[in-house]
Amino acid sequence: MPAFTATAPGKIILFGEHAVVYGRPAIAVPVNQVSARVVVQADPLAPPGRIWVRAPAVGLDGDLDALPSGHPLRAVKTLLLEHWGLDDLPACRLQISSTIPVAAGLGSGAAVSVACLRALSAFLGRRLDDELASALAYEVEKLLHGTPSGIDNTVVTYAAPVYFMRRPEGPHIETFQVERPFTLLIGDTGVSSPTSVAVGDLRRSWQAEPERYNALFDAVGSLVERARALIESGQPEALGPLMDENHVLLQAMDVSSPELDHLVAAARSAGALGAKLSGGGRGGNMIALVRPEAAGALASALRHAGAEHTIITRVAGKGSG
Ligand code: PMV
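Chemist: Any details on the overall build of the protein? Residues and values, ideally.
Modeler: Across its full length, the protein holds 9 helices and 11 strands. Its C-alpha radius of gyration of 20 Å places the protein within 12% of the 20 Å reference for a compact globule of 321 residues. For the protein, the spread of C-alpha atoms along the principal axes amounts to about 60 × 45 × 35 Å. Relative to its full complement of 321 residues, the protein shows a buried share of 51%. Taking the contacts inside the protein whose residues are at least 6 apart along the sequence as the reference set, 71% of them involve residues at least 24 apart. Summing over all exposed atoms, the protein offers an accessible surface of approximately 13,800 Å²; the carbon and sulfur share of this is 53%. Each charge class in the protein can be summarised by its mean position, and for the 27 positive and 32 negative side chains these summaries are 3 Å apart.

Right under this line is the structure:
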């Protein structure tokens, strides 16, 4: 019985978080060292249409149709049936595994959706191109998060850096190429902090002092433009100082935390080329730009300084290794 396998990587915000909410650009990159993997196999002995889902990491082992109606896997099935104009799927087994930390700003949900959409389409003998995979995964994200930006599904589908800007008429999203690969070290503070709280606090500060905060957002926006140019022109080592500057701006927005500042400082003193918080802040992850040969030692230094987990990831565009 042939098995149909598909994967999708994680993602992390490299520059521009928070300011992106106010219309400035942001850049997110794939995290290829972690991924979601889905394997689909026909189950000819099962009743017609039954999809048995196994996802041991989240305790799932049962019939997909028995999941709650808002479950993302049910949305994946409904969207595929609608898109391909089918009444039902042939009975099959869906095995889901993922090394992407959950609820950590690493795009785990979008990666699982994309991998499921791809594996199930292959099982159906249909070709799902990247544009469609991303669009359908965006629909799943919408069901889960209401108004997602669209950045997660785009980065994990194309496995390429994404330049992103919110616009009143809808998001502007561009993938772009990495001219020379670079290495990031991701460190998890272990402090869980809902993005919505930091976003809400910042909104109140912005309402109280719009000029001050607009200036901070503008400064972030110009860093993002410079960062993109450096990535596209093959000068990634020059991103380090920009990450440091972005972190200072995020501190000024009061979305950092003592734990994040501590790991950022520890990364720099262990030899990172630059470091900043990544994502919602107040907890969660920080990232550092590191020389590949120093990444292992820096990861140990970061864990020694209190990071709960570290991930070393090499950012390379499609085809650039
Ligand atoms: O932690 P993440 O990857 O969910 O990123 C949050 C990014 C913010 O800019 C803080 C919020 C947003 O909606 O863009």
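Chemist: Describe helix H9 (residues 295-304), with residues and values.
Modeler: Those residues of H9 not exposed but buried are Ala295, Leu298, Ala299 and Leu302. Taken down its axis, H9 places every buried residue within 105° of arc, on the same side. Across H9 from its buried face, at more than 90 degrees, point the exposed residues Ala297 and His304. Buried residues belonging to H9 abut strand S8 (182-188), helix H8 (258-269), strand S10 (285-290) and strand S11 (309-315). Downstream of H9 by one or two residues, Gly306 has phi in the positive range, about 120°.

Chemist: I'd like to hear about the site of the ligand, residue by residue, with values.
Modeler: As a structural note, the neighbourhood of the ligand is formed by Lys11, Ile13, Glu17, His18, Val20, Val21, Gly105, Thr195, Gly279 and Gly280. Between the ligand and Gly280 there is a distance of 3.3 Å, counted from an oxygen atom to a backbone nitrogen or oxygen. If the ligand stood free it would expose 380 Å²; the protein chains cover 77% of that surface. Considering only residue class, the shell around the ligand consists of 3 nonpolar, 5 polar and 2 charged.

Chemist: With reference to specific residues and values, describe the packing of helix H1 (residues 72-84) against helix H2 (residues 108-123).
Modeler: Working note: a packed helix pair is described by the angle between its axes plus the distance between those axes. Two numbers describe how H1 lies on H2: the axes approach to 10 Å, and their chain directions differ by 45°. Overall, the two elements H1 and H2 adopt an arrangement that is oblique. Here H1 and H2 pass one another in a crossing that is right-handed. Every residue of H2 that contacts H1 at Leu73, Val76, Leu80 and Trp84 is listed here: Ser113, Cys116, Leu117, Leu120 and Ser121. In terms of residue class, the contact of H1 with H2 is built from 7 nonpolar, 2 polar and no charged.

Chemist: How would you explain the environment of Val156 if you had to name every residue and give the values?
Modeler: By the element assignment, Val156 lies in helix H4 (residues 151-158). The exposure class of Val156 is buried, given its relative accessible area of 0%. Between the C-alpha atoms of Val156 and Ala36, which are 120 residues apart in sequence, the distance is 9.8 Å. Setting aside residues up to four positions removed in sequence, Val156 forms contacts with Ala8, Pro9, Gly10, Lys11, Gly107, Ala110, Ala111 and Val114.

Chemist: Before we move on, can you summarise the sheet that holds strand S9 (residues 274-278) with the specific residues and values?
Modeler: Strand order in the open sheet formed by 4 strands is S9-S10-S8-S11, with antiparallel pairing between adjacent strands. If you trace the sheet from one side to the other, it starts and ends with S9 and S11, each paired once. Going from strand to strand, the sheet's axes swing by 25° on average, the running direction of each strand aside. Note that S8 and S10 share 6 bridges and pair antiparallel. In the sheet register, Leu184 faces S10, and the bridge partner there is Leu289.

Chemist: Hey, could you go over the packing of aromatic side chains for me, with residue numbers and the actual values?
Modeler: According to the stated counting rule, one finds 3 aromatic pairs in the structure shown. Between the aromatic rings of Phe4 and Phe123, the centroid separation amounts to 6.0 Å while the plane-to-plane angle is 65°, which identifies the pairing as edge-to-face. With a gap of 119 residues between them, Phe4 in strand S1 (residues 3-15) and Phe123 in helix H2 connect regions that are remote in the sequence. Between the aromatic rings of Tyr22 and Trp206, the centroid separation amounts to 4.9 Å while the plane-to-plane angle is 55°, which identifies the pairing as tilted. You can see Tyr22 sitting in the loop between S1 and strand S2 (26-42) and its partner Trp206 sitting in helix H5 (residues 195-208), a full 184 residues away along the chain. The structure contains a cluster of three or more aromatic residues connected by ring pairs, namely Tyr22, Trp206 and Phe217. Across from the ring centre of Tyr163, 4.8 Å away, lies the NZ or CZ of Arg228, which sits over that ring. Directly above the ring of Phe176 sits Arg228, whose terminal nitrogen or CZ lies 4.9 Å from the centroid.

About the thresholds
- Residues numbered from 1 in each chain as written.
- Predicted model: local features only at pLDDT ≥ 70, side-chain atom pairs only at ≥ 80, totals over all residues.
- Heavy atoms only, no water.
- Helix = DSSP H or I, 4+ residues; strand = E, 2+ residues; numbered from the N terminus.
- Rg over C-alpha atoms; globule rule 2.2 N^0.38 Å.
- Buried < 20%, exposed > 50% of the residue type's maximum accessible area, 1.4 Å probe, protein only.
- Contact = heavy atoms within 4.5 Å.
- Areas by Shrake-Rupley, 256 points an atom, 1.4 Å probe, with all protein chains shown as cover.
- Lys, Arg positive; Asp, Glu negative; His and termini not counted.
- Charge placed at Lys NZ, Arg CZ, Asp CG, Glu CD.
- Arc of directions from axis to C-beta.
- Near = heavy atom within 4 Å.
- Polar contact = N/O pair within 3.5 Å; in protein donor to acceptor, adjacent residues only side chain to side chain.
- Nonpolar A, V, L, I, M, F, W, Y, C, P; charged D, E, K, R; others polar.
- Axes fitted to C-alpha atoms, helices over the stretch in contact; angles between N-to-C directions.
- Parallel < 35°, antiparallel > 145°, perpendicular 65-115°, else oblique.
- Left-handed = near helix turned anticlockwise from the far one by under 90°.
- Pairing = 2+ DSSP bridges.
- Phe/Tyr/Trp six-rings, centres within 6.5 Å; stacked < 30°, edge-to-face > 60°.
- Lys NZ or Arg CZ within 6 Å of the ring centre and 35° of its normal.

All quantities given are derived from atomic positions and should not be read as evidence of function.
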